[in-house]
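Here's the letter readout for the chains.
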Amino acid sequence: MKKSFLSLLALVLITVACTPTDDILDDFQVHISPTFYKYVVEIDVEDLANPETPINGTVNISITGPDADAIYNIDGTKNFKVNFGTLQLMVSKDAEPTPSNPLDFKVRFEANGYKRTELNFSIAEEDYYIADNAQMLNLANLPSSIGSTSANGGIDPNTNQLAQPLVVNAGSADSLAKIKLTVPTDVKFLDADGNEIVGKKGGTGLNVNILSLSDTSEAAQAAFPNGTGLIQIVQNEDGTIDTLLLDHAGTFDINMDLDGTPVRAFSGGKTTGGVAARIPIDPDATNEEFNRAYQEGDSVSLMSLSEGDIAWVEDDRSYVVKKDPITSELYFEPTLEHLSYYRRKNRKKFKPVKHYLGVGAYYTPGVSANSGSISGSIRVTYERATRSGRVRRRHVRLRGNFGPDFRINRRKRYASYTQDVPVFHPTSGISSSAFNFSTETHTIGKFEYTVLKMVPKNQPVSIGYRLYCGSSNTLVSPPAGVKMYYRKHNSGAPFAHLYTFTNENLSTTYATFPALEKNEFYDFQARFNDVQKDTLNVQVVDGRVYDVIMPNRACNSLGL
Amino acid sequence: MSKSILSIVLGLVFMAPTVAQDSTAAKKAATDELYPLWQNRHAIAISGGLPGFGLEYAYNLNRSLNLRAGFLAFTFNDFNTDMDISGQSVNVNANLTSTVFDLMLEYQPSTQSSFKLVAGLGYLNNVGLNTLILLNDDIGYGDLVIDNEEIGDIDLTVSWTGIAPYMGFGFGRAVPKKRVGFGIEVGTYYAGGPNVDIDASGMLENTSEEEAELENNLASYAWMPRLMARLAIKL
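### Describing the overall build of chain B
So, step 1. Assigned secondary structure in chain B consists of 3 helices and 11 strands.
So, step 2. Start at the N end of chain B and walk to the C end: the helices and strands fall as α-β-β-β-β-β-β-β-α-β-β-β-α-β.
So, step 3. Going through the 235 residues of chain B one by one, you find that 30% of them count as buried.
So, step 4. Taking the intrachain contacts of chain B between residues at least 6 apart in sequence as the baseline, contacts between residues at least 24 apart amount to 63%.

Put into structure tokens, the structure is as follows:
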């Protein structure tokens, strides 16, 4: 009996010491946070006159500038492509900006039938996410505030000069920006290196194109160089640089080529190597020096921006305002010695007071946890009534993620000769149906900021996203640059931008979304580079984390 | 007649203890004759096996019970190998440690056999396995190369710590009858589910969130086997 009991005990001990093996890695998932890049630049490429209209044809993109080598397409290649209307760029980790060394580069967009668009970027340390718009002007579909005029003159092959004077009358359809250019026969044409351009046998001759911007409309302002609208960098007389919110004046982009070789300057000519221009002055324009309309005998000057230059430069000369005896039109006659953008400014010696202004925005949900940020675009307008009663608006745009601190959100600052009050117009996902808006004033240094405060009307829902790669059972935190879009299920509405993941929120499990309603059903769309993934009919539950199953191609690109 | 029967019964009754005493004394004498050295009750032993190698001290309480205390330890460091996980070549560096302090009671049902049942308590001091997993190769992302150090590594530790009851059986007395004795023992600790610690770095950092999941998956690994051989020397 005792022996039997002992044997049974021994058997039990052996059995319990050998536990059956479970699947140890069952439901165990590797988490990956793609932190091999931090800085993302996102540029929506759109038709300047009709942003909802896609660009016809292929948009060719090139990156230039001192730090161009550090810039890659979001997929880590040098094949820069617009996908879903957006160009996404990233900075390689070994070339990130440092406190004293921002990254400077230029992005050029070219497409057949569109004016070339260039945007300048300067990425400072911790500017992890910069969003902007590249608005391309369709030369076959110009708004009334923009005019494009072309002309051609034959070249005498013996002299490399015009066989006959070439007169070009150009202007915007609304007649608020007009110019008359007269190219004399005794002018020689110089290239970018200052060398005389020699005409070719059977060549096309001198081709002239003038883009006239009345800049009274947002579209015309969007056509300004560098894509920054009326916010332009201006070099002062003493050599210092200001970022200036320009006042209204007709602006002209004058381009010439001789048999395909771009003309940059002139030599010879009766008026010391120049091309004569006649620029009318808008009757509604104000002479800021005397706070009245312009009169015959007043003085004005010119400022220009040449290709490759960073800042507008003030002309050395002032010009007398004349009056046409027949039409009573006021005008001035500058001499153009080189080709670039041109616009009228105050006379050289008049230095109006500069006001240092800025605009910004921030989002505060009113709850302490998971405040996160919201993505969107905000238009700001400075409005002023002219003497005739017309309202002239200067437009500024803010775009990006807006968190609780406006100082680290996208903001803009500039000097201005006038101190109009800005009006905010949130768009693109930040609507008055979901938010209460108010403005505040903050001073940073010499700049006085007007800041838009955005508070959701209802307590926003907090949800999180993860990307799931089934082939490797791996969860991936959305890398910087992943954009989320949404629409109400069965609404038939187009997808609207909801959120963009950036390096600042990669470690955030939840974010708040005032645009979403709790327990409602939505369709979501994730976009990254050329990958798009729809997840339909999802109920939004506060506090839930959603796993979006990624296509194998997207996972393979991450080595998963 | 009845007086005679009563006398005989009474006599038998009073004689029984005398007879029993005589039997117990005889047995003791026989046992003493067989095991003259049990009068020395202390012994030390060296032991080896699972979960380690070590030393013991034993004290014989009586012919059936021995009390022993021991220390076992084992370390195996830097086991290095390459493996393929989900198509990725990874390097695995493993370290195994075991430190156990025991207090056991042996029960021998028969003095004529060295079979024993053992029960007691062990203190497990971080008994477990540590592995460091690192990708062998860099990963390409477009024209960029992400080196494996930037990807990061996963440092995984599975360990048992604390007091664990033990039971087992074997052969061989803790305090041998003769000068030297050999024994074997099989048993198991009940250690409870292990603690899991995941320390991940680089891009894998958030894998640390899977600690609870892995701990849950390993919860059934509560029994820790023990298989020992020992050589005891009576003092």
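### Things to note about the pairing of strand β34 (residues 412-416) of chain A
All names here are of chain A.
So, step 1. In this sheet, β34 lies alongside strand β18 (residues 241-245) in parallel orientation, the contact comprising 2 bridges. Looking at the pairing, L244 lines up with A415 of β34.
So, step 2. Sheet topology note: the strand β31 (residues 355-363)/β34 ladder contains 5 bridges and is antiparallel. Across the sheet, the residue bridging to G358 is R413, located in β34.

### Digging into the domain arrangement of chain A
All names here are of chain A.
So, step 1. As far as domains go, chain A holds domain 1 (32-136), domain 2 (146-213 + 249-346), domain 3 (355-456) and domain 4 (461-557).
So, step 2. Once you take the C-alpha centre of each, domain 2 and domain 3 turn out to be 37 Å apart.
So, step 3. Taken together, the 4 residues of domain 2 in the interface contact 5 residues of domain 3.
So, step 4. Among the residues making up the side of domain 2 that touches domain 3, the classes are represented as 1 nonpolar, 1 polar and 2 charged.

### Quick notes on unusual backbone geometry
So, step 1. Cis rather than trans, the peptide bond between L50 of chain B and P51 of chain B has omega equal to 15°.
So, step 2. As for its position among the elements, P51 of chain B is in the loop between β1 (42-50) and β2 (53-60).
So, step 3. In the Ramachandran plot, N490 of chain A falls in the positive-phi region, its phi being about 65° despite a non-glycine side chain.
So, step 4. Its 10 C-beta neighbours within 10 Å are what place N490 of chain A among the exposed residues.

### Remarks on the interface of chain B and chain A
So, step 1. Counting from both sides, the interface comprises 30 residues of chain B and, opposite them, 29 residues of chain A.
So, step 2. Partitioned by chemical class, the residues of the side of chain B that touches chain A number 15 nonpolar, 9 polar and 6 charged.

### What to know about the sheet that holds strand β32 (residues 374-385) of chain A
All names here are of chain A.
So, step 1. The antiparallel open sheet is built from 3 strands, whose spatial order is β33-β32-β35. Taken across any chain shown, the strands that pair with only one partner, and hence form the sheet edges, are β33 (391-402) and β35 (422-427). Ignoring strand direction, the axes of neighbouring strands in this sheet form an average angle of 25°.
So, step 2. With 6 bridges connecting them, β32 and β35 associate as antiparallel partners. Looking across to β35, one finds that R379 is bridged to H425.

Rules and cut-offs
Residues numbered from 1 in each chain as written. Chains lettered and ligands numbered in written order. Predicted model: local features only at pLDDT ≥ 70, side-chain atom pairs only at ≥ 80, totals over all residues. Helix = DSSP H or I, 4+ residues; strand = E, 2+ residues; numbered from the N terminus. Buried ≥ 20, exposed ≤ 12 C-beta atoms within 10 Å, placed from the backbone. Contact = placed C-beta atoms within 7 Å. Pairing = 2+ DSSP bridges. Domains from an automatic or database assignment. Nonpolar A, V, L, I, M, F, W, Y, C, P; charged D, E, K, R; others polar. Axes fitted to C-alpha atoms, helices over the stretch in contact; angles between N-to-C directions.

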